[in-house]
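Each chain, letter by letter, is given below.
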Amino acid sequence: MSSSESQDLRVDGSLDAMNASDESSARTKRETLDASLLGIITAKPILSNDGKVIDFEYLTANRVLQRTHGISPEELVGNRMLGVFPELADHHTFPYYCDVAITGEPIVFESDFQSDELDIHVVVSISKPSPDYITITFVEVSEIVRVTDALAELNGLSGTEIDLEAYIEGTLDIGRRAFNASRAYQLSFHDQGYSVIAQVGAQGAPEVKRPLPNDIALGLSEPGAVKMMRDLKNDSNIDDASAANLPFLSFIASSFIAGEQIVGALVFCNEVARRREPTTSELKLVRTLAESVGARVRLEAANKTLKQRNIDLERFASLVSHDLIAPMRTIRLLSEMLAGYLVKDP
């Protein structure tokens, strides 16, 4: 083998090593970006003939968007922003993207993002590190906002003097909105199964008398039970025929003590499967909502018992008073007669 051939082999081997190193480095960067809690996207501005920004083409994206929006990087890259998210065309934040693309001045803002399938709250940062594209960084804070708002609403509701039925309906509605649920239920359990005591739904959502299969609902009949199922069709032992008739595909729920050996539950159901597991804050929130209803039910029962005892006490006092009036009247008459005799016969 000539020296030139040997040199060629060394060069080729070095190039292969460099390529392998580059691939490994790129893979590490990709895995790091995908594991981040921050969504990171780059997009190229699309200009009109007169130089105005009218849209953006996505260049890169990590997988956070898949966790928050249910859209993979493969579905995003190469497509236009308003094609993927048509709701942004009329959204008040779209001009922010355009302004950064033109001026290069970074911006940070909070925003609600709503569509037919999504209702999330995000903090977004937009910058322009290159003349050719903008970088969009975002983090979802929906859970923090919803849990905080729900607890504030529950605190306000607890301070009002409303009847038990209105309190339960108010609590169900707070939870329904916090968990973005289609309908919310108060359940009561008995030997044969369960009954729906109250239900609250989103606008247009039809009433459903049996939200959960009997065996799944009875799993909530234990005091202190907190349960969530992301996909009833896949997470439970339901046959295909029953699965086809399920009114809801996911739920989060917690039981509460309504009285001695009486257990109820609050259940928040959704017609679509849930993409992720519940967070610790969400589990604490559903338990807090259920416990607040349980406390109100027990307070109402105690007030009824107290009112009944007061009624019984007043009735007893009336009877005793009536029985005492007759002897006192007799004593008064006898006293008057004796006084008369003493006056006549001193």
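How do you make sense of the overall build of the protein when you look at a structure like this?
The helix and strand inventory of the protein stands at eleven helices and ten strands. Taken over 346 residues, the protein has a buried fraction of 35%. Partitioning the intrachain contacts of the protein with sequence separation of at least 6 by distance along the chain shows that 52% fall at a separation of at least 24. Total accessible area on the protein stands at roughly 21000 Å², and carbon and sulfur atoms take up 53% of it.

Can you walk me through the layout of surface pockets in this structure?
One simple way to see leftover space: roll a probe sized like a water molecule over the atoms. Estimates place the volume of the second largest pocket at around 410 Å³. In terms of lining, the second largest pocket is formed by 16 residues, of which the most central are Leu37, Arg67, Thr68, Glu140 and Arg276. Mapped onto the lining of the second largest pocket, the elements with two or more residues apiece are helix H2 (64–69), strand S5 (133–140) and helix H6 (142–158). Here the lining of the second largest pocket is built from residues that sort into six nonpolar, five polar and five charged.

Quick question: what am I supposed to make of the pairing of strand S10 (residues 262–270) here?
In regular strands, side chains alternate between the two faces of the sheet. The element S10 is extensively covered by neighbouring structure, given that eight of its nine residues are classed as buried. Relative to S10, strand S6 (residues 183–190) runs antiparallel, the two being bridged by six bridges. Its bridge partner being in S10, Gln186 is matched across the sheet by Leu266.

What exactly am I supposed to notice about the confidence of the model for the protein here?
Note: predicted coordinates in regions of low pLDDT should not be interpreted at a detailed level. For the protein, per-residue confidence averages 83 on the pLDDT scale, and residues scoring 70 or more make up 84% of the total. Element-level pLDDT for the protein is lowest in helix H1 (residues 3–35), with a mean of 60, against a maximum mean of 96 in helix H5 (residues 94–103). The model gives residues 1–11 a pLDDT under 50, and that stretch makes two contacts with residues more than four places away or in other chains.

Even after reading the chapter, I still don't get the sheet that holds S6, so can you show me in this structure?
Note: strands within a sheet are paired through backbone hydrogen bonds, in either parallel or antiparallel orientation. Strand order in this open sheet of five strands is S7-S6-S10-S9-S8, and the pairing throughout is antiparallel. Edge positions in the sheet fall to strand S7 (193–201) and strand S8 (226–229), since each of these pairs with one other strand and no more. Within this sheet the neighbouring strands show an average axis-to-axis angle of 20°, counted without direction. Direction of pairing for strand S9 (residues 250–259) relative to S10: antiparallel, over a ladder of nine bridges. Across the sheet, residue Gly259 finds its bridge partner in S10, namely Ile262.

What's the story with the packing of H6 against helix H7 (residues 164–178) in this structure? I'm lost.
Pairs of packed helices are described in terms of their axes, by the angle between the two and the distance that separates them. The contact between H6 and H7 brings their axes to 9 Å, and the two run at 170°. Relative to H7, H6 is oriented roughly antiparallel. Listed contacts from H7 to Arg146, Ala150, Glu153, Leu154, Leu157 and Ser158 of H6 are Tyr167, Gly170, Thr171, Ile174, Arg177 and Ala178. Classifying every residue of the contact of H6 with H7 by side-chain character gives six nonpolar, three polar and three charged.

Would you mind showing me how to read the side chain of Arg176 here?
Here Arg176 shows up in helix H7. In this structure the side chain of Arg176 is engaged in a polar contact, spanning 3.2 Å, whose partner is the side chain of Asp173. Residues contacting Arg176, with those up to four places away along its chain left out, are Ala181, Ser182, Ala184, Val200, Gly201, Ala202 and Phe268.

I would appreciate a short explanation of the packing of aromatic side chains in the present structure.
The geometry of two aromatic rings is summed up by the distance between their centres and the angle between their planes. Taken as a whole and assessed by the stated rule, the structure comprises six aromatic pairs. Ring pairs connect the aromatic residues Phe56, Phe94, Tyr96, Tyr97 and Phe109, which therefore count as one cluster. When the ring centre of Tyr194 is taken as reference, the NZ or CZ atom of Arg210 above it lies at 4.0 Å. In this arrangement the basic side chain of Arg296 is found over the ring face of Tyr167, its NZ or CZ atom lying 4.3 Å from the centre.

Help me out: how do you make sense of H6 in this one?
Note that an α-helix has 3.6 residues per turn; residues three or four places apart therefore point the same way. For H6, built from 17 residues, the straight-helix expectation of 24 Å at 1.5 Å per residue is met to within 8% by its first-to-last C-alpha distance of 24 Å. The set of residues buried in H6 consists of Ser142, Val147, Ala150, Leu154 and Leu157. All buried residues of H6 lie within an arc of 110° about the axis, which places them on one face of the element. For H6, the exposed residues lying more than 90 degrees away from the buried face are Ile144, Ala152 and Asn155.

How each quantity is defined
- Residues numbered from 1 in each chain as written.
- Predicted model: local features only at pLDDT ≥ 70, side-chain atom pairs only at ≥ 80, totals over all residues.
- Heavy atoms only, no water.
- Helix = DSSP H or I, 4+ residues; strand = E, 2+ residues; numbered from the N terminus.
- Buried < 20%, exposed > 50% of the residue type's maximum accessible area, 1.4 Å probe, protein only.
- Contact = heavy atoms within 4.5 Å.
- Areas by Shrake-Rupley, 256 points an atom, 1.4 Å probe, with all protein chains shown as cover.
- 1 Å grid on protein atoms, 1.4 Å probe; cavity = no way out; pocket = protein on both sides within 12 Å on 5 of 7 lines; lining within 4 Å.
- Points joined across faces, edges and corners; volume = space filled by probe spheres on them.
- Nonpolar A, V, L, I, M, F, W, Y, C, P; charged D, E, K, R; others polar.
- Pairing = 2+ DSSP bridges.
- pLDDT = per-residue confidence, 0-100.
- Axes fitted to C-alpha atoms, helices over the stretch in contact; angles between N-to-C directions.
- Parallel < 35°, antiparallel > 145°, perpendicular 65-115°, else oblique.
- Polar contact = N/O pair within 3.5 Å; in protein donor to acceptor, adjacent residues only side chain to side chain.
- Phe/Tyr/Trp six-rings, centres within 6.5 Å; stacked < 30°, edge-to-face > 60°.
- Lys NZ or Arg CZ within 6 Å of the ring centre and 35° of its normal.
- Expected span 1.5 Å × (residues − 1).
- Arc of directions from axis to C-beta.

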